[in-house]
Amino acid sequence: MRIGCDWSENFFVNKAKLLHERADSNTSASLRGKYIERSVRVYDDEWDLFGVLDCLQFERDPRGCFIQKYGGNFRLTIIEYKPSQTKRENASFADRMQLLAQKICADHVFRTNCDACFYYADIKKRVPVAFSEEDKTALRQIIQKIRDRIESGTIPPVQKKQYCSGCSMKDICLPKVAIRYA
Ligand code: SF4
């Protein structure tokens, strides 16, 4: 999408868009004493990352960080919306890396150690996620690979075990042809 300037939508893209519509409405709300902020912009210059959190929850906690807007100390939880829980290892790894990048940026902006979780719409459940130093190393490597690709302007090759059936880009990418003629 970035290097080839291609874009395509399908059922799954639009389903995810509808799910994110409420999360991205850029509003705040109070729920049972907790505050919810949506579409929160975060960054970390050291990692050279910028992004938008679906949802950030603020829960009163004397050990948490001070939030001027709400006049007190709060524990922060990042909530990333997903339509369904994937069983595929490479997809769940990609989701975890996305959430870790969000956490790095939110920790930097709010000078705290945020909790992080996925909210799976199909089971209506939050699943907390913990990260290790190995995860951070993996993310650094991924970011470097992305930078290298952008700098060289080359689209990464299709992976042998890449799962493409639900991908909106498959009529442009033609993964089976790409693998056959690789
Ligand atoms: S069709 Fe497969 S290889 Fe191509 S962009 Fe989609 S998931 Fe990636």
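Summary of the structure given here. Numbering of residues begins from 1 in every chain and follows the order in which that chain's sequence is written. Where local features are concerned, this predicted model is filtered to residues with pLDDT of at least 70; where side-chain atom pairs are given and counted, the filter is 80 or more; whole-chain, interface and lining totals use all residues.

1. Comments concerning the environment of D45
- Position of D45 relative to the elements: it lies in the loop between strand 2 (34-44) and strand 3 (49-67).
- Taking the number of C-beta atoms within 10 Å as the measure of exposure, D45 has 9 and is therefore exposed.
- Residues D45 and Q162 lie 117 residues apart in sequence; the distance between their C-alpha atoms is 32 Å. Put simply, DSSP H or I for four residues or longer makes a helix, DSSP E for two residues or longer makes a strand, and each gets a number counted from the N terminus. The burial label depends on the number of other C-beta atoms within 10 Å of a residue's C-beta. Counts of 20 or more mean buried, 12 or fewer mean exposed, and intermediate counts mean partly exposed, with C-beta atoms placed from the backbone.

2. Comments concerning the environment of G64
- Within the fold, G64 resides in strand 3.
- Among the residues examined, G64 registers 18 C-beta atoms within 10 Å and is labelled partly exposed.
- Through-space distance from the C-alpha of G64 to that of C114 is 9.3 Å; in sequence the pair is 50 residues apart.
- Whether two residues are in contact is decided by their C-beta atoms, placed from the backbone, lying within 7 Å. If near-sequence neighbours (up to four positions away) are discounted, G64 is found in contact with N73, F74, R75, L76 and T112.

3. Some remarks on the pairing of strand 3
- Summarising the sheet, strand 2 and strand 3 pair through 9 bridges and their orientation is antiparallel. Considered in strand 3, the bridge of R41 is made with V52.
- Between strand 2 and strand 3, which pair antiparallel one after the other, the connecting turn spans 4 residues, and D48 there sits at a positive phi close to 60 degrees.
- Pairing geometry for strand 3 and strand 4 (residues 72-82), over 9 bridges, is antiparallel. Considered in strand 4, the bridge of Q57 is made with T77.
- Counted along the chain from strand 3 to the antiparallel partner strand 4, the turn is 4 residues long, and its residue G71 has a positive phi close to 60 degrees. Here, a strand pair is defined by DSSP locating no fewer than two bridges between the strands.

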